[in-house]
Amino acid sequence: MLMLALFTSAARAEDAKPFNPSDYPPGVQKALRYANEECTGQDGGEVTFAPDTVRRIDLTGDGREDYIVDFQDTKCGDRETTYCGTGGCVMKILVTLPDGSVREVFDGNVRRYKLMARPMKRGAARTVRFDLHGGYCGGFGPQTCFKQKAITATPFTFKQP
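Residues numbered from 1 in each chain as written. Predicted model: local features only at pLDDT ≥ 70, side-chain atom pairs only at ≥ 80, totals over all residues. Heavy atoms only, no water.

Another point: the packing of aromatic side chains. If you walk through the whole model with that rule in mind, you get 12 aromatic pairs. Ring-pair connections join several aromatic residues into one group, and the members of that group are Phe19, Tyr24, Phe49 and Tyr67. Lying across the ring of Tyr34, Lys92 places its NZ or CZ 4.9 Å from the centre. A cation over a ring is seen here: Arg129 above Phe146, with NZ or CZ 4.2 Å from the ring centre. (Phe/Tyr/Trp six-rings, centres within 6.5 Å; stacked < 30°, edge-to-face > 60°. Lys NZ or Arg CZ within 6 Å of the ring centre and 35° of its normal.)

Have a look at this one:
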C-alpha cells in the first residue's frame, strides 16, 4: 500500500507542470511582471513562482474566471521575503470584464485570505476575508484585523484609520 502511495505521488510530481506566466491572460501577466520588476530593483536575481501563485476562480459571480495572484511563496533569487513583510505578502485580485479584458481591483499586503462560503443567490459575488496588519483596524502589528469584501469589478483598497 505504501509503495502504491509513493508511486502515485511521484507520478503526480512528474506530471506537475512548471509555472508559466504565459498560461494567463495579458492582465494577469502584467500583475506577475511586478515580481520581476521588484526583484530586479533589489538586485535579487531570478524570480521563482510557486505553482499556486495564481488561483483561477469566479469571484464576481458572472461565470467568468477571475484571478487571485498571491506572492507569498514567490522567491527573488535566494531571498524569500522580497514580497512579504510584517503586513503580509503582496496579493492582487483581478476580475475578468464582459469584453474579456482583465482589471486589477485589489493590490495590497495580506497576511492570509479566506474565500467565504458561496452565496446562495446565483450570480452573487464571492466574499473574501482578509487577515491584515493590525494598523488597518486601529491597532498595531500582530493584533488581529479582519476585513471582508464582496469582489466586484470595482477597485478597492483598505485604509488605516
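After that view of the structure, there is still more to cover.
Checked against the element boundaries, Arg111 lands in the loop between strand 7 (102-110) and strand 8 (112-115). Arg111 gets classed as buried once you look at its relative accessible area, which sits at 19%. For the pair Arg111 and Val90, spaced 21 residues apart in sequence, the C-alpha separation works out to 8.8 Å. With residues near it in sequence (within four places) discarded, Arg111 still touches Thr86, Gly87, Gly88, Asp131, Leu132, His133, Gly134, Gly141, Pro142 and Gln143. Polar side-chain contacts of Arg111 include one of 2.7 Å to the backbone oxygen of Gly141. (Helix = DSSP H or I, 4+ residues; strand = E, 2+ residues; numbered from the N terminus. Buried < 20%, exposed > 50% of the residue type's maximum accessible area, 1.4 Å probe, protein only. Contact = heavy atoms within 4.5 Å. Polar contact = N/O pair within 3.5 Å; in protein donor to acceptor, adjacent residues only side chain to side chain.)

A few words now on the environment of Val90. Structurally, the position occupied by Val90 is in strand 6 (residues 88-96). Since its relative accessible area comes to 8%, Val90 is described here as buried. In this structure, Val90 is in contact with Tyr34, Val69, Asp70, Phe71, Tyr83, Asp107, Gly108 and Asn109, ignoring residues within four places of it in sequence.

Now for the state of the cysteines. As enumerated under the stated definition, the model contains three disulfides in all. Two residues share a disulfide in this structure: Cys84 and Cys89, whose sulfurs sit 1.9 Å from each other. Its S-S torsion of about 110° marks the bond between Cys84 and Cys89 as right-handed, since a negative value means left-handed. A sulfur-sulfur separation of 2.0 Å characterises the disulfide bridge that pairs Cys137 with Cys145. Looking along the S-S bond of the Cys137-Cys145 disulfide, the torsion reads about 75°, which is the right-handed sense. The class of Cys137 is partly exposed, set by a relative accessible area of 39%. A relative accessible area of 0% places Cys145 in the buried class. (Disulfide = S-S within 2.5 Å.)

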